[in-house]
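As a plain string of letters, each chain reads:
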Amino acid sequence: KEMKETRIRLNMDDVHDFVKAATKCDFDIDVRYNRFLVDAKSILGVLSMDLGQILIVKCHGENSDFDSFLEKHKVA
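Rules behind the numbers
The residue numbering used here restarts from 1 in each chain and proceeds along that chain's sequence as written. Under the rules for a predicted model, residues below a pLDDT of 70 receive no local features and side-chain atom pairs below 80 are neither given nor counted, while totals for whole chains, interfaces and linings still include all residues. For the side-chain quantities, the full set of heavy atoms in the structure was used; hydrogens and water were omitted. Interaxial angles span 0 to 180 degrees and are taken between N-to-C directions of axes, which are lines fitted to C-alpha atoms, for helices over the stretch in contact. Counting from the N terminus, the helices are DSSP H or I runs at least four residues long and the strands are E runs at least two residues long. Here is the rule for angles: anything less than 35 degrees is roughly parallel, anything more than 145 is roughly antiparallel, 65 through 115 is roughly perpendicular, and the remaining ranges are oblique. A crossing counts as left-handed when the near helix is turned anticlockwise from the far one by less than a right angle, and as right-handed when that turn is clockwise. Contact criterion: two residues are considered in contact whenever any of their non-hydrogen atoms come within 4.5 Å of each other. Side-chain classes follow a simple rule in which Ala, Val, Leu, Ile, Met, Phe, Trp, Tyr, Cys and Pro form the nonpolar group, Asp, Glu, Lys and Arg form the charged group, and the remainder, Gly included, forms the polar group. Salt bridge, as used here: a side-chain nitrogen of Lys or Arg that lies within 4 Å of a carboxyl oxygen of Asp or Glu.

Q: Break down the packing of helix H1 (residues 12-23) against helix H3 (residues 64-73) for me, citing the residues and quoting the values.
A: It is at 9 Å that the axes of H1 and H3 come closest, and there the two elements cross at 150 degrees. Relative to H3, the element H1 is oriented roughly antiparallel. Crossing handedness for the pair H1 and H3: left-handed. Across from Asp14, Asp17, Phe18, Ala21 and Ala22 in H1, the residues of H3 making contact are Phe66, Phe69, Leu70 and His73. In terms of residue class, the contact of H1 with H3 is built from six nonpolar, one polar and two charged.

Right under this line is the structure:
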């Protein structure tokens, strides 16, 4: 199965919704920038990232609600 990568930006207010949306998915979701990699379902992991950076989200599955969340925060 092909994995989809989406480049997003989150602010502090978005993190809780992002993790909540990720938690509803029954597959792994990675968030990374540079050499940092965290589990999208870990609130502490996501909060520990530099939110000034563009984050790359890699989904190992599909979920339309999560996809639409990513779509709203997508950067070119």
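Q: Explain the pattern of salt bridges residue by residue, including any values.
A: For the structure on display, the rule yields four salt bridges. Residue Glu5 is joined to Lys58 by a salt bridge in which the shortest nitrogen-to-oxygen separation is 3.7 Å. Here Glu5 is found in strand S1 (residues 4-8), whereas its partner Lys58 is found in strand S4 (residues 55-59), with 53 residues between them in sequence. Notably, a salt bridge pairs Lys74 with Glu71, separated by 3.9 Å at the nearest N-O pair. Because the salt bridges share partners, they merge into one network encompassing Glu5, Arg32 and Lys58.

These results come straight from atomic positions and should not be treated as a statement about function.
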